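Survey of secondary and tertiary structure
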Amino acid sequence: MPADLDKVFKAYDIRGVYPDEIDEDLAYAVGRAFVGLTGARTVAIGHDMRPSSAPMTDALTAGATSQGADVIRVGLCSTDMLYFVSGALGVAGIMLTASHNPARYNGLKLCRPGAVPVGVESGLADLQRMVAAGEPAARPDRPGTVSDREDLLERYAEHVRGFVDPGALRPLRVVVDAGNGMAGHVLPVVFKGLPFQLDPMYFELDGNFPNHPADPINPENLADLRKQVLATGADVGLAFDGDADRVFLVDERGGIVPSSLVVALVAQTMCEREPGATVLYNLICSRIVPETIKAAGGTPVRTRVGHSFIKQVMADTGAIFGGEHSGHYYFRDNYRADSGLVAAVVVLEVLSGAGRPLSEVLAPYRKYAASGEINRRVDGDPAAVIDRIAAAWPAAAADRTDGLTIQGPTWWFNLRPSNTEPLLRLNVEAADQEEMARVRDEVLDAVGGEPA
């Protein structure tokens, strides 16, 4: 058992370097403890294409069945497909993946029946304690059974297609960069029967990521997609991360589309479908998002960053949709889970009906200048640095919902600690580029530290 559980138990999942920090022994212990924590009678287990995922899946399955739980082996799948299985079958679920992290990493994302997330405030801390204590004890009675379900990928694809009207779709040329991740496995099945010309890039499943890291939030990893969109004259480019739960867009000009603009576009579509609906957005999304929701007759609700928080607020408010600037898109009718593929097909439906290029569709949303997320490694306690920064502004301007948000007359910034690393993350938005740069540099000077 790896000794430092504090290092691998994160805010939203379990993740670390294989086999030094996370291995089959830990997977077995997590499987056993997860059944003890949740009382689950059935657990659906899926995994990504990393070399370590299959053996860790076997260990996780053994741990769960040792406590009498039956295991449904979903096999290779995207994280949002695993959430769909949890919701559609009403069973607990565990996904073996390290998402966008390099090949040497692996991890586990966990949910209760109905795709209800297990995070640090909703059971993950208890799970860590149980794993450390070797709980629960071995059960002397019948172990659980193991079964395979080969129909689940087609059921998931049908579910995703159900978010759009097939008759409203028109032929579009779509370049998709799967980054050698799970989009290469699930997207062709989802697109089957849709009138799109698909130009696949890096669809071969390879957990060693031979072409580029499966981390499309980094603009460098979008370079190949941008070139291919321009070379083919495609209408849009889509890039997915390793476990295919996030999607990032490139327009027909090869321009990277900020995720806040996608949140605004999908939010407007959801409000048109359900007038007066509540829509969530996290606090680092652009101001254009709540403005768009209000203009569409919806009710915007601001949330903390992170899927477990957003899903809980969705449950509390009945929100139809929620979006994060990091490329996560949550849908009430998707068991409140995030799905990059659902967001992608909704955007493609909007583009089908627009009759003009994506860059023009998004032009009304480009009202503000944003810094993007800037990571800064600081000496000492990040919370103390945030307190020092907060003291430089009037208390009435400060919002401590998630880190520190300061609202100016025509600008805002958020400074918050990373949930996984000793970093501070800064996001700045302003009315124009000059003002954004001024606020950004002022805050970074005050924060100090080194770029990360």
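In case you missed it, the structure is sitting above this.
Now for a description of the structure that goes with this document. Throughout this document, residue positions are counted from 1 along each chain, in the order its sequence is written. A pLDDT threshold of at least 70 governs which residues receive local features in this predicted model, and a stricter bar of 80 or more applies before side-chain atom pairs are shown or counted, although totals over entire chains, interfaces and linings include all residues. Just so you know, side-chain values use all the structure's heavy atoms and leave hydrogens and water out.

Digging into the nonpolar core
Membership of the largest hydrophobic core comes to 80 residues, with the highest contact counts inside it found for F240 and F321. The contact partners of F240, leaving out residues within four places of it in the chain, are V176, D177, A178, A183, L187, P216, R246, V247, G340, L341 and A344. Residues grouped as a nonpolar core are buried Ala, Val, Leu, Ile, Met, Phe, Trp, Tyr and Cys residues, joined through side-chain atoms within 4.5 Å. The buried label applies to any residue whose accessible area, calculated with a 1.4 Å probe on protein chains only, is under 20% of its type's maximum; exposed applies above 50%, and partly exposed to all values in between. One finds A27, A33, F34 and V131 within the second-largest nonpolar core, a separate group that totals 31 residues. The criterion used for residue contact is that any of the two residues' heavy atoms lie within 4.5 Å.

Regarding helix α10 (residues 288-295)
Residues of α10 that are buried: I288, V289, P290, T292 and I293. In this structure, the buried side of α10 is in contact with α9 (259-273), β13 (278-282) and β14 (299-303). Directly after α10, the chain includes G297, whose backbone phi takes a positive value near 85°. Put simply, DSSP H or I for four residues or longer makes a helix, DSSP E for two residues or longer makes a strand, and each gets a number counted from the N terminus.

Observations regarding the sheet that holds strand β10 (residues 236-240)
Within a sheet, adjacent strands bond to each other through the backbone by hydrogen bonds, running parallel or antiparallel. Being paired, for any two strands, means DSSP has found at least two bridges between them. Pairing in this open sheet of 5 strands is mixed, and the strands run β9-β8-β10-β11-β12 from one edge to the other. The strands lining the two open edges of the sheet, one partner per strand, are β9 (196-201) and β12 (256-257). Bridge count for strand β8 (residues 172-177) against β9 is 6 bridges, and the pairing is parallel. For L172, the partnering residue across the bridge sits in β9 and is F196.

With respect to the sheet that holds strand β16 (residues 329-331)
Read from one edge to the other, the open sheet built from 4 strands follows the order β14-β13-β15-β16, with strand pairing classed as mixed. Edge positions in the sheet fall to β14 and β16, since each has one partner strand and no second. Neighbouring strand axes in the sheet, compared pairwise and without regard to direction, differ in orientation by 20° on average. Two strands pair when backbone bridges link them, and strand β15 (residues 321-323) and β16 are joined in this way by 3 bridges, in the antiparallel orientation. Along β16, the bridge assignment pairs F321 with F331. The strands touched by helix α11 (residues 307-317) within the sheet are β13, β14, β15 and β16, with β13 carrying the most contacts at an inclination of about 165°. The convention used is that axes are lines fitted to C-alpha atoms, helices contributing only their stretch in contact, and that angles between N-to-C directions extend from 0 to 180 degrees.

These figures capture arrangement, not role.
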